[in-house]
Amino acid sequence: MTRFGVISHCAGARSSREELRDTVESACRAEELGFDSFWIAQHHFGAQRGHSPSPLVLLAAVAERTTSIRLGTAVVVASLEDPIRLAEDAATVDALSGGRLELGLGAGADPDTARRFGRDHDRRRDELRRAVDTVIDLLEGGGIVPDERGLRDRIWLGTASESGMRLAAERGLGVLSGRSSTPHGPDDTTAARMLDEYTRHAADPRVGLSRPVACTDDVASARALLADGVTDWVRRGIEAGRFPDGYTATDYLDRGHIYHGSAEQVADGLRGDAGLVYATDLLCHVQPVQLTAAQWNPILERIAGRLRPLLAER
């Protein structure tokens, strides 16, 4: 049976204090509702209105308020990190949480962030490989404190490339898989082909499938909740050249970028998702929309109480 998780980008237009506190509260609510995991994305310099450049620090706070839910990073941009400090910080959170950390690592996708860190963005995949290998060596017995060797088996790689899938399979890592999208809609088949290759070559495949899910009473209520966020995303996408002139929020939602509507409607959409068959973990979020905990928590309640049982029937 697929495990269910939540991804928070800790993002929004309010102050960092408000967004950070909201994220901790949502993690607590996710545990109460029976979600298996809660993951936090990393955003430097306020990219995508994110307020969590240090997800491991934030997860340490979550660890003190929770007892059983798995705590994940989705992802730490390891190509920009000192791998020794990364391993130490991760081991500290794992110790504080009683062995609940799921360490997701990635190469990063923002050239400006790499520049501000003094790094060559074009070398990010090489830097990621180096960081991954160093973290693995340290966790397997390289003398770091805390000595949390079990964390070695809970490392994930956020990737959308064939080389990343191969690295994950070779190193015994899980894979965090998102979506590739165009103005015409998401392309899940390409990622599904890579996930198939990964699962056939990994000794113990783990796939966290990241999907935007807005589960409400019906399509109309979902669209009303998402309207402002999607409109803003589309506007910025037009300015950046990702969407053509005249593209609208309705176009974006009509083309299936976010599964939305009643639990039954969302379940129907997910059943047609080419990546779902490979998922050991379905990780739900609402990006690119940014909701407060008061708006997001009712969605979590519907996912846990209505959507999860429906998908368990498949």
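The structure reproduced in this document is the subject of the present report. From a predicted model like this one, the values you see are computed outputs, not experimental measurements.

Further remarks concern empty space enclosed by the protein. Throughout the structure, instances matching the rule amount to one cavity of 30 Å³ or more. Put simply, the largest cavity is a space of about 200 Å³. For the largest cavity, the lining is made up of 18 residues, of which Ser8, His9, Cys10, Leu291 and Trp296 are closest to its centre. At the level of secondary structure, the elements contributing two or more residues to the lining of the largest cavity comprise β1 (3-8), α1 (16-32) and α11 (293-312). Among the elements that line the lining of the largest cavity, the one with the most residues is α1, at four residues. In terms of residue class, the lining of the largest cavity is made up of eight nonpolar, eight polar and two charged.

Further remarks concern the packing of helix α5 (residues 124-139) against helix α6 (residues 162-171). The angle between the axes and the distance between the axes are what describe a pair of packed helices. Axis separation between α5 and α6 bottoms out at 12 Å; the angle between their running directions is 10°. As far as their axial angle goes, α6 and α5 are roughly parallel. Handedness of the crossing formed by α5 with α6: right-handed. Every residue of α6 that contacts α5 at Arg125, Arg129, Asp133 and Ile136 is listed here: Ser163, Leu167, Glu170 and Arg171. In terms of residue class, the contact of α5 with α6 is built from two nonpolar, one polar and five charged.

Taking 1.5 Å per residue, 20 residues should reach 28 Å; α11 reaches 26 Å between its end C-alpha atoms and fits that length. Its maximal kink placed at isoleucine 303, α11 deviates by approximately 40°. Buried residues of α11: Ala293, Trp296, Asn297, Ile299, Leu300, Ile303, Ala304, Leu307, Arg308, Leu310 and Leu311, and no others. Each element contacted by the buried residues of α11 is listed here: β1, α1, β10 (207-215), α8 (219-240), α10 (263-271) and β12 (281-285).

In this section: the environment of aspartate 196. Tracing the backbone shows aspartate 196 in helix α7 (residues 188-201). Sequence separation between aspartate 196 and valine 277 is 81 residues, and the spatial gap between their C-alpha atoms is 9.4 Å. Within the local environment of aspartate 196, its side chain forms a polar contact with the side chain of tyrosine 278, the two groups lying 3.2 Å apart.

By the alternation rule, side chains of strand β7 (residues 174-177) split into Gly174 and Leu176 and Val175 and Ser177, which are all buried. Both strand β6 (residues 155-158) and β7 contribute to a ladder of three bridges, which runs parallel. Along β7, the bridge assignment pairs leucine 157 with valine 175. What joins β6 to β7 is α6, and the crossover it makes is right-handed. Looking at chain direction, β7 and β10 are connected through three bridges and run parallel. Counterpart to serine 177 in the pairing with β10 is leucine 209.

This part is about the nonpolar core. With 85 residues, the main nonpolar core has Phe35, Leu105, Val230, Tyr252, Ile303 and Leu307 as its most contacted residues. Looking at this core element by element, the count peaks at eight residues for α11. Not counting residues up to four positions away in its chain, the partners in contact with isoleucine 303 are Phe4, Phe35, Val213, Cys215, Cys284 and Arg308.

Its volume calculated, the second largest pocket comes out at about 250 Å³. Surrounding the second largest pocket, 17 residues form its lining, Arg49, Gly229, Val289, Gln290 and Leu291 being those nearest its centre. Ranked by the residues each element gives to the lining of the second largest pocket, the list is headed by α8, at five residues.

Along the chain, alanine 27 falls in helix α1. Assessed through its relative accessible area of 0%, alanine 27 is described here as buried. Counting along the chain gives 243 residues from alanine 27 to leucine 270, while the straight-line C-alpha distance between them is 23 Å. The contact partners of alanine 27, leaving out residues within four places of it in the chain, are Phe38, Val62, Thr66 and Ile69.

About the cut-offs
- Residues numbered from 1 in each chain as written.
- Predicted model: local features only at pLDDT ≥ 70, side-chain atom pairs only at ≥ 80, totals over all residues.
- Heavy atoms only, no water.
- 1 Å grid on protein atoms, 1.4 Å probe; cavity = no way out; pocket = protein on both sides within 12 Å on 5 of 7 lines; lining within 4 Å.
- Points joined across faces, edges and corners; volume = space filled by probe spheres on them.
- Helix = DSSP H or I, 4+ residues; strand = E, 2+ residues; numbered from the N terminus.
- Nonpolar A, V, L, I, M, F, W, Y, C, P; charged D, E, K, R; others polar.
- Axes fitted to C-alpha atoms, helices over the stretch in contact; angles between N-to-C directions.
- Parallel < 35°, antiparallel > 145°, perpendicular 65-115°, else oblique.
- Left-handed = near helix turned anticlockwise from the far one by under 90°.
- Contact = heavy atoms within 4.5 Å.
- Expected span 1.5 Å × (residues − 1).
- Bend = angle between axes of the 7 residues up to and from the residue.
- Buried < 20%, exposed > 50% of the residue type's maximum accessible area, 1.4 Å probe, protein only.
- Polar contact = N/O pair within 3.5 Å; in protein donor to acceptor, adjacent residues only side chain to side chain.
- Pairing = 2+ DSSP bridges.
- Right-handed = clockwise from strand over helix to strand, strands pointing away.
- Core = buried A, V, L, I, M, F, W, Y, C linked by side-chain atoms within 4.5 Å.

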